Amino acid sequence: MLRTTWDFLVTLQLFNQSDMKTIVFPVTVFSQALASHHSVIRFLLVVFWIWMHLLYFTVTNQSFGTSPEEDAVNKPSRPIPAKRISVDSAVTLGWMLAPVDLALSLYAGAVPSGMAICVLTSIYCSGGGHSHWLSKNGCCAGFYALFEYGATQIADSSEKLNRNQLGAIIGSALIIFTTIHAQDFRDDEGDALLGRRTFTLSFPVFSRITMPILLSVWSIALCLLSEANQFVLLVLVALGAVTGIRFLTLKSAKDDRLSYLYYNIWLSMAHVAFSSLNLDGIAVYFQ
């Protein structure tokens, strides 16, 4: 019995495993940085809320359409291609998670975000949001914004966020929309075999050129707009430059996986800088 329960929990974690460093960790840190009040209970609730809503998305996404076949090529350790759970059982699990997540959102005080994540999951999977790089980038930016909004509400125990918090979340979504193709370089070979239309395959040269430009532009913009520690901003600029140049010059799948790790560290640093935005001060400066 205990072994069966443990195996089931491991299976659930494997659905989320590849997104722990891209969603759970950075969104948790971001929400804590944006929150005005902190408590251990609220922190644990934030982590659990993010993990559960991410689980609904990953289970639905990984069991939809050709995803099992794609994961068998690109991510064979995921639960379905690894034969830990069948496609039909995963679909049933997804349907069971939806009401559980909505009840959790009701308890935590983040119903709009929780409902919107469920709707956007349907748009991404069954609505074709994943099928073109532009709509995929838009959906990814939307997911980040919704996770960050709901997590910040829970962390702050507040229904309404202030202008600086909203500005930080909008800025974060814009960064994701313009740079999230960083995650696609490492999967180019498998995506090409499957005929996927990612930005990196549609524009193989241009997509790499954009990386040092976009990461540097965003880093410099945050230096101008954020009141974060100067050391943090310096590291942000340096890491953005190094990561961008890596994507441009080092093109093997192994190099791209390491570059994507650097990108996630850069993104976390950008979130730290966004958490110190002072839009009120900027508005006064331009008056």
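Residues numbered from 1 in each chain as written. Predicted model: local features only at pLDDT ≥ 70, side-chain atom pairs only at ≥ 80, totals over all residues. Heavy atoms only, no water.

Draft legend 1. Spatial organisation of the overall build of the protein chain. Each helix and strand in the protein chain was counted, giving 14 helices and 0 strands. Put simply, the protein chain runs from its N terminus to its C terminus through helices and strands in the order α-α-α-α-α-α-α-α-α-α-α-α-α-α. Computed over its C-alpha atoms, the radius of gyration of the protein chain comes to 19 Å, within 12% of the 19 Å expected for a compact globule of 287 residues. C-alpha extents for the protein chain along the principal axes are approximately 60 × 45 × 35 Å. Going through the 287 residues of the protein chain one by one, you find that 48% of them count as buried. Considering only intrachain contacts with a sequence separation of at least 6, the fraction spanning at least 24 residues in the protein chain is 73%. Separation between the mean location of the 18 positive side-chain charges and that of the 19 negative ones in the protein chain comes to 4 Å. (Helix = DSSP H or I, 4+ residues; strand = E, 2+ residues; numbered from the N terminus. Rg over C-alpha atoms; globule rule 2.2 N^0.38 Å. Buried < 20%, exposed > 50% of the residue type's maximum accessible area, 1.4 Å probe, protein only. Contact = heavy atoms within 4.5 Å. Lys, Arg positive; Asp, Glu negative; His and termini not counted. Charge placed at Lys NZ, Arg CZ, Asp CG, Glu CD.)

Draft legend 2. Quick peek at the pattern of salt bridges. Considering all chains together, one arrives at 5 salt bridges under this definition. Note that R208 and D256 form a salt bridge whose closest N and O atoms lie 2.9 Å from each other. With R208 in helix 11 (residues 204-225) and D256 in helix 13 (residues 253-274), the pair connects residues that are 48 residues apart, well separated along the chain. This pair shows no difference in class: R208 is buried, exactly as D256 is. (Salt bridge = Lys/Arg side-chain N within 4 Å of Asp/Glu carboxyl O.)

Draft legend 3. The arrangement of the side chain of N16 in detail. If you trace the backbone, N16 turns up in helix 1 (residues 2-16). From its side chain, N16 meets the backbone oxygen of W51 in a polar contact 3.1 Å long. Among the polar contacts made by the side chain of N16, one reaches the main-chain amide nitrogen of L55 at a distance of 3.4 Å. Apart from the residues lying within four places of it in its own chain, the contact partners of N16 are W51, L54, L55 and T58. (Polar contact = N/O pair within 3.5 Å; in protein donor to acceptor, adjacent residues only side chain to side chain.)

Draft legend 4. Representation of the packing of aromatic side chains. Per the stated rule, a full pass over the model turns up 12 aromatic pairs. On the basis of an interplanar angle of 15° and a centroid distance of 5.9 Å, the ring pair of Y260 and Y263 is categorised as stacked. In this pair, Y260 and Y263 both sit in helix 13, 3 residues apart, roughly one turn of the helix. (Phe/Tyr/Trp six-rings, centres within 6.5 Å; stacked < 30°, edge-to-face > 60°.)

Draft legend 5. The arrangement of the environment of L161 in detail. Considering the arrangement of structural elements, one finds L161 in the loop between helix 7 (133-156) and helix 8 (163-179). Between the C-alpha atom of L161 and that of Y149, which follows or precedes it by 12 residues, the distance is 8.2 Å.

Draft legend 6. How the structure looks around the nonpolar core. Within the largest apolar cluster, 71 residues are counted, with the highest numbers of intra-cluster contacts made by W49, I50, F147, Y263 and W266. No other element matches the 11 residues that helix 3 (residues 40-62) contributes to this core. F147 has contacts with I23, V27, W49, I50, H53, L54 and I117, leaving out every residue within four places of it along the chain. (Core = buried A, V, L, I, M, F, W, Y, C linked by side-chain atoms within 4.5 Å.)

Draft legend 7. Broad picture of unusual backbone geometry. Phi is positive for K83, which is not a glycine, with a value near 65°. Relative to the helices and strands, K83 is located in the loop between helix 4 (67-74) and helix 5 (87-108). Although it is not a glycine, S157 sits at a positive phi angle of roughly 50°. The topology assignment puts S157 in the loop between helix 7 and helix 8. The class of S157 is exposed, set by a relative accessible area of 53%.

Draft legend 8. Quick peek at the environment of L193. Among the structural elements, L193 can be located in helix 9 (residues 188-194). In this structure L193 comes out as exposed when scored by relative accessible area, which is 68%. In sequence terms L193 and Q17 are 176 residues apart; their C-alpha atoms lie 24 Å from each other.

Draft legend 9. Region of interest: the side chain of T22. Here T22 is to be found in helix 2 (residues 20-34). The exposure class assigned to T22 is buried, which follows from its relative accessible area of 4%. Within the structure, T22 has its side chain in polar contact with the side chain of D19 (distance 3.2 Å). Once residues within four sequence positions are removed from consideration, T22 is found in contact with Y144, Y260 and N264.

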